[in-house]
Number of protein chains: 2
Amino acid sequence: MTLKNIDQLFQASLAQSDLSAKQKAVLQASLMLFAEKGFERTTTRDIATLAQVSEGTVYKQFKTKQQILDAILQPFITQVFPQAANEFIAELTARPVTSLHAFIQFIVYDRINFGLTNQKQLKVLVQQLLDNGRLLAELGRVFDKVLQGPVKSILDQLQRQGELVNWSHARIFRHIISTVLGYVLPIIILPIADPDVEKITAEATEFLYAGLHQKKA
Amino acid sequence: MTLKNIDQLFQASLAQSDLSAKQKAVLQASLMLFAEKGFERTTTRDIATLAQVSEGTVYKQFKTKQQILDAILQPFITQVFPQAANEFIAELTARPVTSLHAFIQFIVYDRINFGLTNQKQLKVLVQQLLDNGRLLAELGRVFDKVLQGPVKSILDQLQRQGELVNWSHARIFRHIISTVLGYVLPIIILPIADPDVEKITAEATEFLYAGLHQKKA
DNA sequence: TTTTAGTGAGTGAACACTCACTTATAATAT
DNA sequence: ATATTATAAGTGAGTGTTCACTCACTAAAA
């Protein structure tokens, strides 16, 4: 069973921790509120109210408001994203690599859906990325890991077949990520109610395939 | 004389306003601090101190802290970006449209430099975009205007020549913007000291050209 | 003389955080 | 099993501080 939803992944990571039910509720509520109103505009009273605990309980486990944010972001980086990456890899390796076009189409469709089902969580992350460069660096390491796993052999194979351009894998992924985010981020920010996922996938795939497939000499 | 730096554009827009020297200093200081520490973490005392005025002066012209932010973002949207867009268009029309490749290369190089010389200002804008979808919508309108001007005829021409794919101009620009931001945003966030502009331009141009040029049937 | 710009000490509210106290859980003794 | 104690979890009124914002006053300009 795969967990495409970050909510579930985050709760799974909470379950692993030795926090009490109320402490977990604090983190859940914090995540919700940080996503909605941003870190600064969320008060510890807001958190206590939504989590249905007293404000003292909030501070029993976490000494400062910042520690709450850290407690949320830490598993995001060390667990949630690697886990999401692993599931992505698993799905990828489950299907045979038929062609570059199919490969790109799958990635685009998969990641657009991932982004759209986790809009709030991504918003918190993006907000934090802006005043915490360390996070982006750590995120980069997660991507590196993905690129060194099964993705590497797939890309190598596609390059050997002469289907995929002979650029570094990092560069290829940068282009893919940029293109997908070019569609996903505006939807998250605006936020658009009913995005046409099929159309978006088709457009992004068409462009990426043209940009990344090897031209015959 | 073109003003590639938003600082100069912003000060030019301040000069047009009927604000006193001290009020202008307030806006300048606010812009700096908002970029550095974010809107919420900047206090009105910080602003007064940096602007070398009393806190009362800050509130003589602007009734709330939010109004200060609005006063900064408004000219950004209505003046600075259109102005930057106009200069971009001017430079664009000054050169003859030799080929799709040259066109893309110019845009990429020009906009990467624009982004890199205005890192702080873009950071404020991005921060605000995240919790104010209206801004993104307005920004979208600015882009539409650019696309309806001289850029439209250039793209039309390239499409008639069969060099450029027959996609909507909005879609073409979305891909260009995404690709450029894919390089620029990480630099702004991290921030990387010495980005290799030549290499970045070459990579982005190569990818965009491959993705956007018309394949022979 | 009137109007506008600028000042900075002051104010009320909101907020992050604390603490004396209560309740629940677990460990140990009877 | 039951009572006793020890430890941890939870509570919410309270506190000190910070901050956005005000106002009575002064300085300058018109």
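Going by the structure above, here's the rest.
Residues numbered from 1 in each chain as written. Chains lettered and ligands numbered in written order. Predicted model: local features only at pLDDT ≥ 70, side-chain atom pairs only at ≥ 80, totals over all residues. Heavy atoms only, no water.

(A) Quick peek at the interface of chain A and chain B. Contacts between the two partners involve 30 residues from chain A, matched on the other side by 30 residues from chain B. Buried area between chain A and chain B, both sides added, is near 3000 Å², and the carbon and sulfur share of it is 65%. Across the chain A-chain B interface, the total number found is ten residue pairs in polar contact (both at pLDDT 80 or more). Listed by contribution, the elements that provide at least two residues to the side of chain A that touches chain B are helix 7 (119-130), helix 8 (133-148), helix 10 (169-189) and helix 11 (197-212) of chain A. Looking at the side of chain A that touches chain B element by element, the count peaks at nine residues for helix 10 of chain A. When the residues that make up the side of chain A that touches chain B are grouped by side-chain class, the tally is 14 nonpolar, seven polar and nine charged. (Contact = heavy atoms within 4.5 Å. Buried area = accessible area lost by both parts, 1.4 Å probe. Polar contact = N/O pair within 3.5 Å; in protein donor to acceptor, adjacent residues only side chain to side chain. Helix = DSSP H or I, 4+ residues; strand = E, 2+ residues; numbered from the N terminus. Nonpolar A, V, L, I, M, F, W, Y, C, P; charged D, E, K, R; others polar.)

(B) Structural detail: the side chain of Glu203(A). Mapped onto the secondary structure, Glu203(A) falls in helix 11. Look at Glu203(A) and you get buried, because its relative accessible area is 15%. If we ignore the near neighbours within four places in the chain, the residues touching Glu203(A) are Tyr183(A), Arg171(B) and His175(B). (Buried < 20%, exposed > 50% of the residue type's maximum accessible area, 1.4 Å probe, protein only.)

(C) Fine view of the relation of the copies chain A and chain B. Superposition of chain A onto chain B requires a rotation of 180° combined with a translation of 0.0 Å along the rotation axis, giving an RMSD of 0.2 Å. The two molecules are tied by a two-fold rotation axis, judged by turn and shift. Taking C-alpha positions as reference, the residue of chain A nearest the rotation axis is Gly211(A), located at 1.8 Å. A shared binding surface is used by both copies, with 100% of the interface residues of chain A retained as interface residues in chain B. (Least-squares fit on C-alpha atoms with pLDDT ≥ 70 in both.)

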